[in-house]
Amino acid sequence: MAAILCENCPGQYPYTQVNQPLEISCMLLLIMFGKVFLDFFMLQVKKTTVKVSFMGYFCVSLALLDFTLLLSISFIFYFEDFALWGVRFTKYHICLFTQVVSLTYGILHYPVYLVAGLDYYMTIAQTSQFPKRGQRLLYIFAVVIIWISGFFCILKVPAIYEELDTRNHFSPYRCPLYASLQSHSVSCAMVLLIGTALLACRKEVITMLLSVRVVSFASEPVLMFSYVSNNNSICFKWQLLTRLLICFLGTWAPFVLLQIIILFLGAQIPAYMEMNIPWLYFINSFLIAVAYWCRCHDVDMTEEMWSMDPFVSWKFCFIPFNNESTETADKPGTVIVIC
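Residues numbered from 1 in each chain as written. Predicted model: local features only at pLDDT ≥ 70, side-chain atom pairs only at ≥ 80, totals over all residues. Heavy atoms only, no water.

### Let's talk about the overall build of the protein
The secondary structure content of the protein amounts to 11 helices and 7 strands. Relative to its full complement of 339 residues, the protein shows a buried share of 46%. In the protein, once contacts between residues fewer than 6 apart in sequence are set aside, the share between residues at least 24 apart is 78%. Counting only carbon and sulfur atoms, one obtains 67% of the accessible surface of the protein, whose full area is about 17,400 Å². (Helix = DSSP H or I, 4+ residues; strand = E, 2+ residues; numbered from the N terminus. Buried < 20%, exposed > 50% of the residue type's maximum accessible area, 1.4 Å probe, protein only. Contact = heavy atoms within 4.5 Å. Areas by Shrake-Rupley, 256 points an atom, 1.4 Å probe, with all protein chains shown as cover.)

### Things to note about the nonpolar core
Membership of the largest hydrophobic core comes to 69 residues, with the highest contact counts inside it found for Met 55, Phe 58, Phe 248, Leu 280, Phe 282 and Trp 314. Counting 7 residues, the second largest nonpolar core, distinct from the first, contains Ala 197, Met 208, Leu 245 and Ile 246. (Core = buried A, V, L, I, M, F, W, Y, C linked by side-chain atoms within 4.5 Å.)

### What about the packing of aromatic side chains?
One pass over the full model with this rule turns up 16 aromatic pairs. Ring centres of Phe 37 and Phe 41 lie 6.4 Å apart, and the angle between their planes is 15°; on these two criteria the pair is classed as stacked. On the criterion of helical spacing, the pair formed by Phe 37 and Phe 41 is a turn pair, its members being 4 residues apart in helix 1 (residues 24-45). Residue Phe 41 is classed as partly exposed on the basis of its relative accessible area, which comes to 43%. Here the aromatic cluster, defined as three or more aromatic residues joined through ring pairs, consists of Phe 248, Trp 252, Phe 255, Trp 279, Tyr 281, Phe 282, Phe 286 and Phe 311. (Phe/Tyr/Trp six-rings, centres within 6.5 Å; stacked < 30°, edge-to-face > 60°.)

### Some details on the packing of helix 7 (residues 181-200) against helix 8 (residues 202-210)
Running from amino to carboxyl end, helix 7 crosses helix 8 at an angle of 75°, the nearest separation of the two axes being 4 Å. Regarding the angle of helix 7 to helix 8, the classification is roughly perpendicular. Each of Leu 198, Leu 199 and Ala 200 in helix 7 lies in contact with helix 8, whose residues at this interface are Arg 202, Glu 204 and Val 205. For the contact of helix 7 with helix 8, the residue count by class is 4 nonpolar, no polar and 2 charged. (Axes fitted to C-alpha atoms, helices over the stretch in contact; angles between N-to-C directions. Parallel < 35°, antiparallel > 145°, perpendicular 65-115°, else oblique. Nonpolar A, V, L, I, M, F, W, Y, C, P; charged D, E, K, R; others polar.)

So this is what it looks like as structure tokens:
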């Protein structure tokens, strides 16, 4: 296996080569069409009333970039051999563009998750209202800087372009694509952390799951778990961790299982496919849960604070259950979690 190292870029960016047969232009076109459809589907089905965040803007930018790549390779695939602004484009460029995008996507996992995590950690307990316009501009600026830095980091290293060019010319029937070790390491870390948390809270998780009841809250079905209040801060964080785990896995358990299967099989997924919106929303929910747990005593219990996640509702991990809000009443001192 070959590896490409971007030595002048921040962090470590090794890539494992994934060779695929080249009548790849048609296959890449179909894969990108499916990915773009999935991107816009996820953006459409998510909650509409969500607090603005860096990750939200980055997901939109990723969908637009994927759509741009799809249009580019579709145009090249249809016309096959043409010149535009003095540059000749052939089917070779379908592979080349996908390789460049794949390498760029592969080096952005760490910086994107770091910025998103810091964003949630600083804003999840924010009491002073930052101007919405200024916040949006800041997020847009951060997204643009990250994309420019990623492409510049890949394209400014002559060795990378020369190796891509050499491989593509000497292997005319193959298009080497690359799997990011950043994504692999993040998957390993998340599965390890979730497994460790489940192991540590196994008794509490089992107890809460055994007490589960389905009730109607605000005209939608929710899960109700027994809750025992405790003023001890350590016990509170322990109980909160249990509820956060159940809430997170109630939405993303299939995705966690998929990650375990991929890691167990050692499957190598090209980086342009690994960086997708469902994966980013999965990471997004995990980062929000971590931020809630780290700053649980500083969380301002307002409706805006509960609208940070497009797919998971964390509200009832903090707010005690109210009998009058449901059709099926139970004793006070309970908490409900929407999954």
